Amino acid sequence: MAVKTRKQNVKDQPPQPNVDDRDRSPFVSPGTGKSRRAGKGTPFNSLLQNRNGLFPGFSFIRSKLGLTPSAFVKLGITLISLKPICCFCRYHLSRLFENDRHFSHLSGLEKEMAFRTEMGLYYSYFKTIIEAPTFLNGLYLVMNDRLTEYPLVINTLKRFNLYPEVVLASWYRIYTDIMEFFGLPTKMCWSINRGEGMAPVDGCEGMGDPAYFYVTFVFLLNGLMMSLFFIYGTYLSGSRLGGMVTVLCFFFNHGESTRVMWTPPLRESFSYPFLVLQMLLLTHILRTRNPSRKTMWALGISNLCFMLPWQFAQFVLLTQVASLFALYILGYISPTKIQSLLVTHMITLAVCFVLMFGNSMLLTSFYASSLVSIWGIIALRDKFAEAFKPGLITWVMQGLVWVVSTVILKFMLSAIFGASDDAHISSLIKSKFTSYKDFDTMMYTCAAEFDFMEIETPLRYIKTLLLPINMLVVAVIAGRTIQDVVRFLREGEKYSLVYHSLQLIAFAVLAMLIMRLKLFLTPHMCIMASLICSKQLFGWIGEKFKLHMMVFGILSIMAIQGAANLQAQWGIMGEFSNLPQEQLLDWIKDNTQPNAVFAGAMPTMASVKLSAGRPIVNHPHYEDAGLRERTKLVYAMYSRKSAELVKRNLMQMEVDYFVLEDSWCTRRSRPGCSMPEIWDVEDPQNTGKVPLCTLMSRDSRPHFATVFHNNVYKVLKVPKAAKELR
């Protein structure tokens, strides 16, 4: 265990955020039955009803919200519940992160190394902006970046969805400038004795430390998301107990619900909380006969905040639009309302396209094509009514036209814009259902998170009763749908349950195909679990007391495995250390020129750019077609090709140093998934030869010169004579 000695005095504690009241109450569902009367001897309600009482402001706010006194009290209780939920979730995430890495005892370099792969790449742009002379200068550097794909100059704000880093960097600069102006300390630094003959390092805690500032806001945002889950569950079920069920289910299944505590800088950490808000607003719109313009604006803004930080958001929104279209086909949502929703999505997409500097992946996505296709089908609804009799045939034909037109339009737009960045997605889906393989798809499918969902995941859902509860809820909704479509589901608030069931099915399909996407499925299952408190679905159990007793009984059973899951998470204790990479980065900073160009494994290149500040030719953001081709040329070092050919490729990319890792040559996640085996699919004519990386590990001469090595890394330098040939 590292020992720390106080080096610098204490910082101020950051102020706790306040949770603002909403414009309207999302806690009283329309038409959900009688409101509770204010009993005798309830002075708070009496004061609320009296405009001239001790708190006349309450009456003004209540009248603006359009609430009864009883509903206003319920709203107040709900809002008061949000802060402890938010604070506990934030504390829970930060403690797990600290326990896993012992983050408070790490030096600045070690903290950066702890952000591996994509995380390090994203964090490097935050570092660039805060270290620039001015904010605008930092913004210019990330929009005219020469380090990430040398020698290309790219707009990383367009390519990598870096708006979170831009916002956080601006806040960091403002915070440090204000604190410096008032002469207030912002961090506490320590001298860390690492033992084992290793030199002591300085480690800092506090909001003045860039890494601490960064992860603190990530955990705060996800703490606020937990408050949203409580609101969401409360609104959907019509009961605050339903909100607590959602929150408890999330914590009981925390390891399946999120990975933000292990990977704070990933895009989903910033993006997903806004999807929760967006779906809550969508639920409100579906339950409202004539949603206000403000509500639609709020939906559009939350939609935009979901899309901007994450390139994958378009695929999630595709499932949402498909679910809404299914509601329209079945007659549960009017053409006017779905057209309003489509317009909101289209405007959001257009604004996102502009803010992303014309990123073609947005306009050539299945999501964009689907919006246009659905709009066209709704516009031609009279033609469908004339051609087909109302009923199953009309439903099937509309669905068929949507699928076919969406696919055709998508590929037409891709051809027009010349975009192929998302071609690997189609290949990845194709590989799931056929024997198709290529280099790019195997780079994904050999990673466990992109494989099919493991059987252990649903078993874990069963142990916490999350899966049985969801199956029960969906079965009840399906039964009600079949039994009483017109009377029951066409009431404003009811068909939102059908939407949630369809969305759950869509998320389940995504998660089964790609295990990583269970981060959408598990939280949505937690939201759906709130419906066991719904009087509309389970009122047949009896009076409110009986329903609540049933819920408490279920929660008690869930808590057995749920508590064990939490104990297992709290029991994870680690201490980050990566001495071989630290030696590598120190050598690079001390022994190479600032403009020396590096190539190697994608995760390591992110660290080289972040911590050494050297230009790299490939990186972990694998979604760009050009980057995939560059990475393929670099990874030829792990193929069975000739050294001469690989050297020529590196020379053409103007590489000065190649970082060779033996583990990439021998590591095998499962049969057929070592790098040489992946290359055998792409390069069958060289199958059976000794991999080039093995030969280079033994002796890199005469093609390369070994200039650094330890037990993990070996740095190969392109010979001087070869450099002159460029």
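Residues numbered from 1 in each chain as written. Predicted model: local features only at pLDDT ≥ 70, side-chain atom pairs only at ≥ 80, totals over all residues. Heavy atoms only, no water.

A. Here's a closer look at the overall build of the chain. Across its full length, the chain carries 36 helices and seven strands. Counting across all 726 residues of the chain, residues that qualify as buried make up 55%. The contacts of the chain with a sequence gap of at least 6 include a subset with a gap of at least 24, amounting to 73%. In the structure as shown, the chain presents an accessible area of about 32,200 Å², 62% of it carried by carbon and sulfur atoms. (Helix = DSSP H or I, 4+ residues; strand = E, 2+ residues; numbered from the N terminus. Buried < 20%, exposed > 50% of the residue type's maximum accessible area, 1.4 Å probe, protein only. Contact = heavy atoms within 4.5 Å. Areas by Shrake-Rupley, 256 points an atom, 1.4 Å probe, with all protein chains shown as cover.)

B. Examining unusual backbone geometry more closely. The omega torsion across tyrosine 150 and proline 151 is 5°, close enough to zero to call that bond cis. Mapped onto the elements, proline 151 comes out in the loop between α6 (135-143) and α7 (156-159). Following arginine 701, the chain continues to proline 702 via a peptide bond in cis, the omega torsion being 5°. Assignment of secondary structure puts proline 702 in the loop between α35 (692-698) and β6 (705-709). If you check the backbone angles, threonine 117 has positive phi at about 50° while not being a glycine. Of note, threonine 117 is situated in helix α5 (residues 117-131). Residue threonine 117 is classed as partly exposed on the basis of its relative accessible area, which comes to 28%. In this model, leucine 465 sits at a positive phi of 65°, which is unusual for a non-glycine residue. Along the chain, leucine 465 falls in the loop between α22 (456-463) and α23 (466-483).

C. Seen up close, the environment of leucine 327. As for its placement among the helices and strands, leucine 327 is situated in helix α14 (residues 313-329). Look at leucine 327 and you get buried, because its relative accessible area is 0%. Distance from leucine 327 to leucine 502, taken between C-alpha atoms, is 8.9 Å for residues 175 residues apart in sequence. When residues no more than four places from it in sequence are discounted, the contact partners of leucine 327 are Leu286, Tyr332, Ile333, Tyr495, Val498, Tyr499 and Leu502.

D. Representation of the UniProt feature "transmembrane region" (unreviewed entry) in the chain. The UniProt feature table records "transmembrane region" (unreviewed entry) at residues 211-235, 270-287, 308-332, 338-357, 392-413, 465-483, 495-514 and 547-566. As annotated, residues 338-357 has a helix share of 90% and a strand share of 0%, and its two end C-alpha atoms lie 29 Å apart. (UniProt positions renumbered as here; feature names shortened; annotations may be inferred.)

E. Molecular detail of the side chain of serine 323. Tracing the chain through its elements places serine 323 in helix α14. Other than its neighbours up to four places away in sequence, serine 323 contacts Tyr499, Leu502 and Gln503.

F. Structural detail: the nonpolar core. Ranked by internal contacts, the top residues of the largest apolar core, which has 195 residues, are Phe520, Tyr635 and Met637. Considering each element in turn, this core owes the most residues, 17 residues, to helix α9 (residues 210-237). Phenylalanine 520 has contacts with Tyr272, Leu275, Trp310, Phe312, Val316 and Phe507, leaving out every residue within four places of it along the chain. (Core = buried A, V, L, I, M, F, W, Y, C linked by side-chain atoms within 4.5 Å.)

G. A look at the packing of helix α13 (residues 293-307) against α14. Between α13 and α14, whose axes approach to 9 Å, the crossing angle comes to 140°. Classed by the angle they form, the pair α13 and α14 counts as oblique. The segment α13 lies against α14, with Asn303, Phe306 and Met307 engaging Ala313, Val316 and Leu317. Split into classes, the residues belonging to the contact of α13 with α14 amount to five nonpolar, one polar and no charged. (Axes fitted to C-alpha atoms, helices over the stretch in contact; angles between N-to-C directions. Parallel < 35°, antiparallel > 145°, perpendicular 65-115°, else oblique. Nonpolar A, V, L, I, M, F, W, Y, C, P; charged D, E, K, R; others polar.)

H. Region of the structure containing a nonpolar patch on the surface. A cluster of nonpolar side chains, contributed by Val167, Trp171, Ile174, Ile178, Phe181, Phe182 and Leu184, occupies part of the molecular surface with about 730 Å² of accessible area. Position of leucine 184 relative to the elements: it lies in the loop between α8 (163-181) and β2 (188-193). (Patch = residues over 30% accessible without salt bridge, like charges linked within 9 Å, V, L, I, M, F, W, Y side chains within 5 Å. Salt bridge = Lys/Arg side-chain N within 4 Å of Asp/Glu carboxyl O.)

I. Summary view of the environment of cysteine 305. Topologically, cysteine 305 is positioned in helix α13. On the basis of relative accessible area, cysteine 305 is assigned to the partly exposed category, the value being 28%. Along the chain, cysteine 305 and phenylalanine 274 lie 31 residues apart, while their C-alpha atoms are 6.1 Å from each other.

J. A look at the pattern of salt bridges. Taken as a whole, this structure holds 18 salt bridges when the rule is applied. One salt bridge connects aspartate 586 with lysine 589, and the closest N-O pair in it is separated by 4.0 Å. Taken together, the residues aspartate 586 and lysine 589, both in helix α29 (residues 579-591) and three residues apart, mark about one turn of the helix. Residue aspartate 586 is classed as partly exposed on the basis of its relative accessible area of 30%. What makes lysine 589 partly exposed here is its relative accessible area of 34%. The network of salt bridges with common partners includes Glu256, Glu454, Arg460 and Lys518.

K. The arrangement of empty space enclosed by the protein in detail. All chains considered together, the criterion is met by four cavities of 30 Å³ or more. Of the pockets and cavities examined, the largest cavity occupies roughly 90 Å³. Broken down by secondary-structure element, the contributors of at least two residues to the lining of the largest cavity are α9 and α12 (267-287). Considering each element in turn, the lining of the largest cavity owes the most residues, three residues, to α12. Among the residues forming the lining of the largest cavity, the class breakdown is four nonpolar, four polar and two charged. (1 Å grid on protein atoms, 1.4 Å probe; cavity = no way out; pocket = protein on both sides within 12 Å on 5 of 7 lines; lining within 4 Å. Points joined across faces, edges and corners; volume = space filled by probe spheres on them.)

L. Structural view of the packing of aromatic side chains. Inspection of the entire model under this criterion finds 38 aromatic pairs. Arranged with centres 6.1 Å apart and planes meeting at 45°, the rings of phenylalanine 538 and tryptophan 540 form a pair that is tilted. For phenylalanine 538, a relative accessible area of 2% translates into the label buried. Residue classification places tryptophan 540 among the exposed residues on the basis of a relative accessible area of 60%. Centre to centre, the rings of tyrosine 635 and tryptophan 664 are 5.5 Å apart; their planes meet at 65°, and the pair counts as edge-to-face. In this pair, tyrosine 635 is assigned in the loop between α31 (625-634) and α32 (643-652) and tryptophan 664 in helix α33 (residues 662-666), connecting sequence segments 29 residues apart. Since its relative accessible area comes to 0%, tyrosine 635 is described here as buried. The ring centre of tyrosine 122 lies 3.8 Å from the NZ or CZ of arginine 267, which sits over that ring. (Phe/Tyr/Trp six-rings, centres within 6.5 Å; stacked < 30°, edge-to-face > 60°. Lys NZ or Arg CZ within 6 Å of the ring centre and 35° of its normal.)

M. Looking closely at the state of the cysteines. The tally for this structure, following the rule as stated, stands at two disulfides. Disulfide partner of cysteine 189: cysteine 204, at an S-S distance of 2.0 Å. Its S-S torsion of about 100° marks the bond between cysteine 189 and cysteine 204 as right-handed, since a negative value means left-handed. Of this pair, cysteine 189 sits in strand β2 while cysteine 204 sits in strand β3 (residues 201-205), and the two are 15 residues apart along the sequence. (Disulfide = S-S within 2.5 Å.)

N. Up close: the sheet that holds strand β4 (residues 598-600). With mixed pairing, the four strands of this open sheet are ordered in space as β4-β5-β7-β6. For this open sheet the edge positions go to β4 and β6, each flanked by a neighbour on one side alone. Averaged over neighbouring strand pairs, the angle between their axes works out to 30° when direction is ignored. Relative to strand β7 (residues 713-717), β6 runs antiparallel, the two sharing four bridges. (Pairing = 2+ DSSP bridges.)

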